[in-house]
Each structure stands twice: as C-alpha cells, then as structure tokens.
Amino acid sequence: SDVLVALDTKLCETQDSNCQVKVSSTDDCCRFLQEKLTAGTGISITKQTASPSGCESLLISTNPGTLVWHNLILPAPLTTIAGYQIPQYSDKDALGRVWFRGSFTFSAALAIGSPINLTTNLPANSRPLFKRVLYNGKSSGNGSTAPEFGVQANGVMYVKNTTNSVADNKGIVSLDGFWIDTNA
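Here is a short report on the structure shown in this document. Here the structure is a predicted model, which is why all the values come from computation and not from measurement. (Residues numbered from 1 in each chain as written. Predicted model: local features only at pLDDT ≥ 70, side-chain atom pairs only at ≥ 80, totals over all residues. Heavy atoms only, no water.)

Overview of the overall build of the protein chain
Put simply, the test is: Secondary structure counts use DSSP, requiring at least four H or I residues in a row for a helix and at least two E residues in a row for a strand, with both numbered from the N terminus. Should any heavy atoms of two residues lie within 4.5 Å, those residues are counted as being in contact.
Of regular secondary structure, the protein chain possesses two helices and 14 strands. Long-range pairs, those at least 24 residues apart, make up 58% of the contacts in the protein chain with a sequence separation of at least 6.

This is the structure we're talking about:
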C-alpha cells in the first residue's frame, strides 16, 4: 500500500496539471487553445460564450465583406434576370481567391455543344493556373442538366451548352458560391 501511494504521488508530480493544449509531443509551451491558434491574413478567430451554459467556442472565419465586386459583361445570347443578383466577380481576397456570384439566362437559344465567351476577361492577377469549371443551373425547362461555366488560365470565361437540349430563356446559370484559386 505504501509503495502504491508513493508511485501515485510520483506519477502526479511528473504531470503538468497546468497544461491545457500542446501542438505536438515536443511542444514545451502549454496554453489554452485560444492562445495556441493564430489568425493569418484575412482570417479572424473570435471567442464566443453560450448563454446560460457558459460553454465557450472559437469561431474561425474569413473576411469576405471586404471584397470589391465587378460586373460581368454578358454578350448576346446571355442576359441578366430581373430580381436576381447580376453576375459579378471579385478582386482577389486575402487568400488569393476570386469569388463569383449572380445568375443569368439565355436571351436566344444556344445550340447543343455550343460555347460562348463572355465579354469580360479576368485581369492577369486574378486568373487560375488551370482551367476551372462549374456546372450549376439548368439549360432549359424542368429536368434539363446544368450548362458548363468555365474560366480558362488566360482569363477567358465562357458558357457551354453541354446538355442534350437547346438552352433557352427557361434556363439559368448560377455562379453563387463559385470561387477559383489564382496563379499569383
């Protein structure tokens, strides 16, 4: 019994009761998680406390509110849609991403397999290293599949009807939530 008490005492002495979090086994600094996380460019870390439980959490977020938006110029047969966000792209954010938002439709029929380039090209510092593609929306009435929206490495953006029917004014292309990594 005396030996077990002595072992228990010795084990408790070797443990750092003040150590909250270590990054790895070789980390010599024990701190609370909030002190161990650091926010990089364009990132914020906020401590939140839930009421009435008092439980705390950390909210890690980017700051997209500082984005500067530019309208996409649509050629015929593409057009904006009344009541919808006009199609736009952003300047690069702090993480090197370009965001897209908005929707558009077809003012004239776009044949199967037909691509059309947008009038707007992305600036040199906002282009992807490789081609990026989004399929989001529909080409015509109910049951149709999504057309292809692409951004090429040279900054040219295009829409292509990849469906088995003609794209018409019942179709929609939505860019909401689409973003690309840039090459710069």
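Overview of the side chain of asparagine 161
Note the cut-off: For this analysis, a polar contact is any N or O atom pair within 3.5 Å, provided that within protein one partner can donate a hydrogen and the other can accept it, and provided that sequence-adjacent residues contribute only side-chain to side-chain pairs.
Summarising the element assignment, asparagine 161 is placed in the loop between β12 (156-160) and β13 (172-174). At 3.3 Å, the side chain of asparagine 161 forms a polar contact with the backbone oxygen of alanine 111. In this structure, asparagine 161 is in contact with Leu110, Ala111, Ile112, Gly113, Ser114, Ser139, Val166 and Ala167, ignoring residues within four places of it in sequence.

As for the sheet that holds strand β4 (residues 78-80)
Using the following cut-off: Any two strands with at least two DSSP bridges between them are considered paired.
Across the sheet, four strands lie side by side as β4-β7-β13-β10; this open sheet has antiparallel pairing. This sheet does not close on itself; its edge strands, each paired only once, are β4 and β10 (137-138). Relative to β13, β10 runs antiparallel, the two being bridged by two bridges. By the bridge assignment for β13, glycine 137 is matched with valine 173.

Comments concerning the packing of aromatic side chains
Here is the rule: Pairs were defined over the aromatic rings of Phe, Tyr and Trp, the Trp ring being its six-membered one, requiring ring centres within 6.5 Å. Orientation was assigned from the angle between planes: stacked under 30 degrees, edge-to-face over 60, tilted for the rest. We call a charge positioned over a ring when the NZ of a Lys or the CZ of an Arg lies within 6 Å of the ring centre and within 35 degrees of the ring normal.
Tallying each qualifying case throughout the model produces four aromatic pairs. Above the plane of the ring of tryptophan 179 lies arginine 97, whose end atom (NZ or CZ) is 5.4 Å from the centre. If you follow arginine 101 out to its NZ or CZ, it ends over the ring of tryptophan 69, 3.9 Å from the centre.

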